[in-house]
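Each chain is listed here by its residues.
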Amino acid sequence: MTTPIAVPTINIDRDPAVVGREFDETLREVGFFQIVDHGVPDEVADRCWEVTRSFFDLPLEEKLSVERQEGGLYGYFPMLTESLAQSLDAMAPGDLKESFNMGPGVVAGHKPADETEASLFSANRWPAALPEFKPVWEAYYAAMSTLANRLMTMFAHGLDLPADFFADKIDRSPSALRAINYPEQSAPPEDGQLRAGAHTDYGTLTILRQELGRAGLQVRDDHSDAWVDIPPTPGALVINIGDLMARWTNDRWTSTLHRVVNPDAGSAVSTRRQSMPFFHNANYSALVECLPSSLAAGETPKYEPVLAGPHLAGKSHKAVG
Ligand SMILES: O=C(O)CCC(=O)C(=O)O
Ligand SMILES: [Fe+2]
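Rules used throughout
- Positions within a chain are numbered from 1, following the residues in the order the chain's sequence is written.
- Key to labels: chains lettered from A, ligands numbered from 1, both in the order written.
- At least 70 in pLDDT is required for a residue's local features to be given in this predicted model, at least 80 for side-chain atom pairs to be given and counted, and no such filter applies to totals for whole chains, interfaces and linings, which use all residues.
- Remark: hydrogens and water are excluded; side-chain values derive from all non-hydrogen atoms of the structure.
- UniProt positions are given in the numbering used here, feature names are shortened, and annotations may be inferred rather than shown by experiment.
- The helix count covers DSSP runs of H or I at least four residues long, the strand count covers runs of E at least two residues long, and both are numbered beginning at the N terminus.
- Throughout, the protein atoms alone are placed on a 1 Å grid, and a set of points is a cavity if a 1.4 Å probe fits but cannot get out or a pocket if it is open with protein on both sides within 12 Å along at least five of seven lines; lining residues have an atom within 4 Å of a point.
- Grid points are joined across faces, edges and corners, and a volume is the space filled by probe spheres set on the points.
- Gly is placed with the polar residues, together with every amino acid not listed as nonpolar (Ala, Val, Leu, Ile, Met, Phe, Trp, Tyr, Cys and Pro) or charged (Asp, Glu, Lys and Arg).
- Whether a residue is near a molecule or strand depends on its heavy atoms: if one lies within 4 Å, it is near.
- Identification of polar contacts relies on pairs of N or O atoms within 3.5 Å, with a donor-acceptor requirement for protein atoms, meaning one able to donate a hydrogen and the other able to accept it, and with residues adjacent in sequence counted only if both atoms are side-chain atoms.
- Using the Shrake-Rupley algorithm and a 1.4 Å probe, accessible areas are obtained, with residue cover drawn only from the displayed protein chains.
- Coordination here is defined by N, O and S atoms within 2.8 Å of the metal (3.2 Å for Na, K and Ca), and since water is not considered, a site can look incomplete.
- Note on classification: 1.4 Å probe, protein chains only; a residue is buried when its accessible area is under 20% of the maximum for its type, exposed when over 50%, partly exposed between these limits.
- A pair of strands is considered paired only if DSSP assigns at least 2 bridges between the two.
- An axis is simply a line fitted to the C-alpha atoms; with a helix, the fit covers only the stretch in contact. Between two such axes, the angle follows the N-to-C directions and lies from 0 to 180 degrees.
- By the convention used here, residues are in contact when the closest approach between their heavy atoms is within 4.5 Å.

As annotated in an unreviewed UniProt entry, the protein is 2-oxoglutarate and iron-dependent oxygenase domain-containing protein from Leifsonella bigeumensis. One UniProt comment on the protein, placed under Sequence similarities (unreviewed entry), says "Belongs to the iron/ascorbate-dependent oxidoreductase family." Per UniProt, the protein has the following entry under Pathway (unreviewed entry): "Antibiotic biosynthesis."

Let us look at the UniProt feature "domain: Fe2OG dioxygenase" (unreviewed entry) in the protein. As annotated in UniProt, the feature "domain: Fe2OG dioxygenase" (unreviewed entry) corresponds to residues 172-282 in the numbering used here. Across residues 172-282, the secondary structure splits into 5% helix and 38% strand, with the terminal C-alpha atoms separated by 8 Å.

Volume-wise, the largest pocket comes out at about 350 Å³. In terms of lining, the largest pocket is formed by 22 residues, of which the most central are Asp46, Arg209, Pro234, Gly235 and Ala236. Broken down by secondary-structure element, the contributors of at least two residues to the lining of the largest pocket are helix H2 (42-57), helix H5 (133-158), strand S7 (205-210) and strand S10 (237-241). Per-element accounting of the lining of the largest pocket gives the leading share, four residues, to H2. For the lining of the largest pocket, a count of residues per class yields 13 nonpolar, five polar and four charged. The volume enclosed by the second largest pocket comes to roughly 210 Å³. Of the residues assigned to the lining of the second largest pocket, the class counts are three nonpolar, four polar and seven charged.

Contacts to ligand 1 come from Leu84, Ile180, Tyr182, His199, Asp201, Leu208, His258, Val260, Arg273, Ser275 and Phe279. The side chain of aspartate 201 places a nitrogen or oxygen atom 3.2 Å from an oxygen atom of ligand 1. Here an oxygen atom of ligand 1 sits 3.1 Å away from a polar atom, N or O, in the side chain of histidine 258. In the complex, the protein chains occlude 97% of the 290 Å² of accessible area that ligand 1 would expose alone.

Evaluated as defined, the whole model comprises one cavity of 30 Å³ or more. Empty space within the largest cavity amounts to approximately 530 Å³. Along the wall of the largest cavity there are 36 residues; nearest its centre are Leu84, Arg178, Asp201, Pro277 and Phe279. Counting only elements with at least two residues in the lining of the largest cavity, the list comes to strand S5 (176-182), strand S6 (196-199), S7, strand S11 (258-260), strand S12 (273-280) and helix H7 (308-320). Of the residues forming the lining of the largest cavity, the biggest block, five residues, is contributed by S12. Of the residues contributing to the lining of the largest cavity, the split by class is 20 nonpolar, eleven polar and five charged.

All right, on to the coordination of the iron ion (ligand 2) then. Only His199 (NE2), Asp201 (OD) and His258 (NE2) from the protein reach the iron ion (ligand 2) as donors, at distances of 2.1 to 2.2 Å. Counting the intervening residues between successive donors of the iron ion (ligand 2) yields the motif H-x1-D-x56-H. Separated by 57 residues along the polypeptide, aspartate 201 in the loop between S6 and S7 and histidine 258 in strand S11 bring together distant segments of the chain. Its relative accessible area of 5% is what places histidine 258 among the buried residues.

A few words now on the sheet that holds S6. Reading across from one edge, S6-S11-S8-S9 is the order of the four strands in this open sheet, with antiparallel pairing throughout. Whereas interior strands pair on both sides, the edge strands pair on one side only; in this sheet they are S6 and strand S9 (226-229). Across the sheet, the mean angle separating the axes of adjacent strands is 25° when strand polarity is ignored. The sheet contact formed by strand S8 (residues 217-221) and S11 spans three bridges and is antiparallel. From the neighbouring strand, valine 219 faces S11, where its bridge partner is histidine 258.

For the rest of this paragraph, the subject is unusual backbone geometry. One non-glycine residue, leucine 80, lies in the positive phi region at around 70°. Structurally, the position occupied by leucine 80 is in the loop between strand S3 (75-77) and strand S4 (98-102). Non-glycine residue aspartate 251 carries a positive phi angle of around 70°. A residue is classified by how much of its surface remains accessible, and aspartate 251, at 25% relative accessible area, is partly exposed.

This next bit is on the side chain of arginine 178. Here arginine 178 is to be found in strand S5. Only 2.7 Å separates the side chain of arginine 178 from the side chain of glutamate 82, close enough to count as a polar contact. Polar contacts involving the side chain of arginine 178 include one to the side chain of asparagine 101, which spans 2.6 Å. With near-sequence residues (within four places) excluded, arginine 178 lies in contact with Phe77, Glu82, Lys97, Ser99, Phe100, Asn101, Trp137, Ser275, Met276, Pro277 and Phe279.

Okay, structure coming up:
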């Protein structure tokens, strides 16, 4: 039997060129790692985490007052609204989760290219019952954007590109901050129904905060034909790359399949789980095509060039119908 892949923990408070090199070594094997010493202030992260829990504890009608609008991507998604497995065209029941989603909002001076981009830059919805929710989420969104930009610079180093290679491709990115609540399961799941079905993320990179003590996130290891746990680790954030980065690198870096499994039935302790992924994206009109530094002599690009925005919107709509 092959040894399962290791998902390393990397301190990023070091020379970005050295860290980028370590990212490259890891991402050639598996599209996931954890980071520590990432500079996100604890109070910004913890206040956001706590107000989010209060949001999910609100009565359903309060949550529905900020429900996602038809065709939109932001606001509250009730239980079973999304099936991530369907983003890969697999047939699967709705995921056993509810979520709240925030986008960049309307950005002054940015003129969307078309209606789809305008929907990604539409106004956010905020729950009236929690006045502190909006400023606290905006602060965490800003901290995640700053961290994502730093990681993209490190990625450029790891890919032998100029440090600012991605800068003009991510300066108007429609990134999304999401909070997910996976409630206790009082009834058995349907066949093939998970907390989050197997999927790859769609964008450049994802920054995920998991709840300590609530396992469930697993990544696919094709070499050993197994699912490998990513344990929630104090102070660490999980980083994974999405499909756009895999396309950019011609699969030198893999957009790894992952899922969130159901808790054991009849557990004596609470199995409610909260997580907060920040899905970083490239600009809507950024052309994502094989990077010359990722093409070995004699190789041809595996993917057609795509515009980042329509690729993202196409995948989201498959998952939420
Ligand atoms: O909740 C988690 O730990 C991961 C969720 C996830 O992979 C996603 O929403 O894309
Ligand atoms: Fe994911």
